[in-house]
Each structure stands twice: as C-alpha cells, then as structure tokens.
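The lines below spell out each chain.
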Amino acid sequence: MAKIIDGVAVAAEIRRELKVRSQALRERGVVPGLAVIMVGNDPASSVYVRNKVRACKEVGIESFRFDFEQDAEPASVLALIRELNCRSDIHGILVQLPLPPRFSVSEVLQTLSVDKDVDGFHLYNVGGLVVGGTVFPPCTPYGVVKMLEHEEIELEGQNVVVVGASNIVGKPMALMLMQRDATVCICHAKTRDLAQFTVLADILVVAAGKPNLIVPEMVKPGAVVIDVGINRLANGKLVGDVDFEGVSKKASYITPVPGGVGPMTVTMLLANTIAAAERRLRARQ
Ligand code: NAD
C-alpha cells in the first residue's frame, strides 16, 4: 500500500517557516506585499483568489486586491500593472487567470516586472527554467518538487514521466526535474499509447485534467505517483487524474486529491512572495 503524501501537512510545515521569514522581514521594516488582480467574477477564480488572500494573512503577507469588471479595458489593467511595478510596498503581483478572451495573456504577463512575477510566468522566468537560473519557479511544479524533497525521494537518474504539457504545469515540471538530473519524458493528448511510457516511470506526475486517466495497469510497481489533476465530477466530487483506489495498491507513494498538490500551490506562491521581498531588501543593502 502506498504512503499517502499529505499536502496539507507539508504545506503547513512550509508555511510555518515562511511566517518566521516574514516576521524577520517585518523586523527589518519590510512588510511583504502581494497584489492580486482579478478581472470578472469567474466562480472558480473567486475561490482561488479568496484562498490566496487568506493564506497571505496566515504567514504575515499584506495582500492588495484589485478587482475589475468582466468588461474592463485591457489598457486599464496594463496601466495598473505598470503602477504596481513601481510601488515599493508591493513585492509580488499575481494576475488571476484565465482572463476574458479579448485580453492578450502574454502581453499582460510580459508587462509584469520580472522582479515581482511571483507566479513565474514571465518569459524571463520561463527562460530561467531552461537554463537552470529561475528566480521564481511556477507554483504548482515548485510545490511538487517540495513534496518530493520532503519525502526525500531521490530524483537523480530516476525515470520521470510527466503526463500533460501545459505552460503552467507540465512543461515547467519537466524542466525542473531535468534540472535535478532525472531522465524526463513528457506525454500529452497526442501521445500514442500513453501506457507504454507511464509503465517505465519511477516517478509519474500527472497533470492532464482527465479523471481516471491513470489506472493500475499503467503504473510500475513501487512508482511514486503525483496527481496534479483537479476534476469536478457530475456528482460534485473532486477527483484527480489517477484512479486513487487502484493505484495506491501498487505505488510506493501517492498524492490524494483533494489535499495533495493543491495546498502546495498556494504555499509556493507565498514562498515566492517572501523571496521577492527578501531579494529587494538585499538589493537595497
Ligand atoms: P491544460 O488543459 O492546460 O493542459 C492539459 C495537458 O494535458 C495538455 O498538455 C494535454 O495535451 C494533456 N492531456 C489532455 N488529455 C490527455 C490524455 N488523455 N492523455 C495525455 N495527456 C493529455 O491543463 P493544466 O492547466 O496543465 O492543468 C492540468 C490539470 O491540473 C487540471 O486538472 C487542472 O485543474 C490541474 N491543476 C491543478 C493545480 C493544483 O494546484 N493542484 C494547479 C494547476 C492545474
């Protein structure tokens, strides 16, 4: 039976450390600040934003919310970002995605100051992932790496298969694990016979957004299985991409949904914000 990696507990441990770092900053006259920009009132995004604001409070980060109507002009959002880029009380800026279709997401992300890009989506930070010099790693894959480190799971030389190749999860995940000397394979919706790859994985990271995509026959005995997926079933139940019941009988470690990668994602946003404030303080000295 696999060991269940408790994301809530790992996240709580990291948040305790972040609170100490935040307190140390405050003692030196710096209150870490995060700006959260949201356009429209998508219900899922509203929940995420509320959680982020609450989590900030827990570790001593001041959060600033900026809400725009669904029909807001992109130019006004860009103008706000430029203003926030210059504010000394704001160390991190987060633009909640998705944005309404008339927005150019890449324009919005490239307008962010790279020093405040705590989501890690600016091209500069993405490029940093490729060459191994990232300033702010994107929060979800960063959280996965922290979970693996917490469980002292060896990465060097391990076969890792990442299922999902999005810009926010799959691709950065693969780069971060490659940076740690794992042998990485990326699969996606066009991959032929997914199972022929997944059975080779010592560590299988799944971020496809498809319930029950990974069943026990696709998993190597003793593999570490990290389920990033979040899917709401018709009956209201929240599940990942992995058949948890079946796969947990075969894997050595597994993450649950909910309570696995999810709590880590918000925690790594807090970590990046504290790191941004610390960087600014160092730069001032
Ligand atoms: P996305 O839709 O942008 O990308 C999904 C990726 O999975 C694509 O590369 C696609 O090719 C691949 N894919 C789809 N169906 C597949 C299949 N049948 N076989 C193999 N690959 C397939 O999604 P995303 O933003 O990367 O998110 C992926 C999942 O992770 C979603 O369920 C999302 O809700 C979840 N997510 C969770 C967190 C968290 O904090 N836990 C954070 C971000 C995303």
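Asks: Please explain the sheet that holds strand S11 (residues 253-254) as it appears in this structure.
Replies: In a beta sheet, neighbouring strands are held together by backbone hydrogen bonds and run either parallel or antiparallel to one another. Strand order in the open sheet made by the 6 strands is S1-S11-S8-S7-S5-S6, with parallel pairing throughout. Among the strands making up the open sheet, the edge pair consists of strand S1 (3-4) and strand S6 (183-187). Pairing of strand S5 (residues 159-163) with strand S7 (residues 203-206), which is carried by 4 bridges, proceeds in the parallel orientation. What sits directly across from Val 160, in S7, is Ile 203.

Asks: Explanation requested: the nonpolar core in the structure shown.
Replies: The nonpolar side chains of soluble globular proteins are, as a tendency, buried together. Counting residues in each nonpolar core, the largest one holds 52 residues, and the members touching the most others are Leu 34, Leu 148, Leu 177, Val 205, Ile 226 and Val 228. Once residues within four sequence positions are removed from consideration, Val 205 is found in contact with Val 161, Val 162, Val 163, Met 173, Leu 177, Ile 226 and Val 228. Grouped together as the second largest cluster of nonpolar side chains are 20 residues, Leu 78, Ile 90, Ile 93 and Leu 99 included.

Asks: Looking at this model, I keep getting lost on the site of the ligand. Mind explaining?
Replies: Around the ligand sit 22 residues in total, of which Ala 165, Ser 166, Ala 189, Ile 230 and Thr 265 are the nearest. Interatomic distance of 2.5 Å between a side-chain N/O atom of Ser 166 and an oxygen atom of the ligand. Protein chains bury 71% of the 860 Å² of accessible surface belonging to the ligand in isolation. In terms of residue count, the dominant contributor to the shell around the ligand is helix H10 (residues 261-284) (3 residues). Considering only residue class, the shell around the ligand consists of 12 nonpolar, 9 polar and 1 charged.

Calculation rules
- Residues numbered from 1 in each chain as written.
- Predicted model: local features only at pLDDT ≥ 70, side-chain atom pairs only at ≥ 80, totals over all residues.
- Heavy atoms only, no water.
- Pairing = 2+ DSSP bridges.
- Helix = DSSP H or I, 4+ residues; strand = E, 2+ residues; numbered from the N terminus.
- Core = buried A, V, L, I, M, F, W, Y, C linked by side-chain atoms within 4.5 Å.
- Buried < 20%, exposed > 50% of the residue type's maximum accessible area, 1.4 Å probe, protein only.
- Contact = heavy atoms within 4.5 Å.
- Near = heavy atom within 4 Å.
- Polar contact = N/O pair within 3.5 Å; in protein donor to acceptor, adjacent residues only side chain to side chain.
- Areas by Shrake-Rupley, 256 points an atom, 1.4 Å probe, with all protein chains shown as cover.
- Nonpolar A, V, L, I, M, F, W, Y, C, P; charged D, E, K, R; others polar.

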